[in-house]
Amino acid sequence: MATVIKKSGNLTKEDEVKEFLTKNGIDYEHWEVPQEALVYTKKETLSDKEKEELLQTVNHRFLELQKKFGYQTRDLVVLHPNVPNIDEMLAKFDKVHYHTDEEVRYILDGSGYFGFIGKNEKFLVHVTESDFISVPRNTNHWFYLDDRKRIKAVRYFTDTAGWVPNYVDQKASLED
Ligand SMILES: [Fe+2]
């Protein structure tokens, strides 16, 4: 269950989180990870075959999103402390940036933080398993893992080629 962290007070209730994110233009859903996915999500590493099998357990979400928003592809990101160069990989996204496409994620395991500039103040969204989040295109944000350094997330794309970070000169923290 996602929580919103901000200086004016945190939000932990699902309806409050959803309302706040909607106001900030961010799509959020709580989609319980299906039981049959757990055999895969509990493992630290997955083979390509297991990744595809895990994606199949939530394929109905892809079909819905494809119908609604036209997403063409999806893949699975698996990160854990033993991934080589994990810190270099994460350093690409922990600075404030935007994409010209939406950043669409369904968290199946683990957790992390999305940071946003926000309409009135900066805030963080701590996402965990069963959270779906769509960061709108051209929206400044940043992302980092929490101390567990572990996440499994489905990424949905209309076009992977256009999906690169464009950096902006802002501070990736709740401080101004
Ligand atoms: Fe991003």
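The structure under discussion appears in the preceding block.
Basis of the calculations
- Residues numbered from 1 in each chain as written.
- Predicted model: local features only at pLDDT ≥ 70, side-chain atom pairs only at ≥ 80, totals over all residues.
- Helix = DSSP H or I, 4+ residues; strand = E, 2+ residues; numbered from the N terminus.
- Rg over C-alpha atoms; globule rule 2.2 N^0.38 Å.
- Buried ≥ 20, exposed ≤ 12 C-beta atoms within 10 Å, placed from the backbone.
- Contact = placed C-beta atoms within 7 Å.
- Core = buried A, V, L, I, M, F, W, Y, C linked by C-beta atoms within 7 Å.

Help me out: how do you make sense of the overall build of the protein in this one?
Helix and strand counts for the protein stand at five helices and ten strands. A globule of 176 residues ought to have a C-alpha radius of gyration of about 16 Å, and the protein, at 16 Å, matches this closely. Out of the 176 residues in the protein, the part that is buried amounts to 27%. Considering only contacts within the protein whose residues lie at least 6 apart along the sequence, 74% involve residues at least 24 apart.

Where do I start with the nonpolar core in this structure?
General note: in soluble globular proteins, nonpolar side chains tend to be found buried as a group. Counting residues in hydrophobic clusters, the biggest one holds 33 residues, and the most contacted among them are Tyr28, Leu108, Phe114, Val125 and Ile133. Looking at this core element by element, the count peaks at six residues for strand β5 (residues 103-116). Non-local contacts of leucine 108, meaning those with residues more than four positions away in its chain, are made with Val33, Ala37, Thr41, Leu54, Glu129, Lys152, Ala153 and Val154.

Explain the environment of tyrosine 156 here, please?
Locating tyrosine 156 in the fold gives a position in strand β9 (residues 151-157). Residue tyrosine 156 is classed as buried on the basis of its C-beta count, with 21 C-beta atoms lying within 10 Å. Put simply, tyrosine 156 and valine 39 are 117 residues apart on the chain and 22 Å apart in space, counted from C-alpha to C-alpha. Once residues lying within four places of it in the same chain are set aside, the contact partners of tyrosine 156 are Phe62, Leu65, Tyr71, Arg74 and Val104.

What exactly am I supposed to notice about unusual backbone geometry here?
The general pattern is negative phi for most residues beyond glycine and trans for most peptide bonds. Although it is not a glycine, serine 130 sits at a positive phi angle of roughly 85 degrees. Tracing the backbone shows serine 130 in the loop between β6 (123-128) and β7 (131-135). Residue serine 130 is classed as partly exposed on the basis of its 17 C-beta neighbours within 10 Å. Look at asparagine 138: it is not a glycine, yet its phi comes out positive at around 60 degrees. Along the chain, asparagine 138 turns up in the loop between β7 and β8 (141-145). Overall, the presence of 11 C-beta atoms within 10 Å leaves asparagine 138 in the exposed class.

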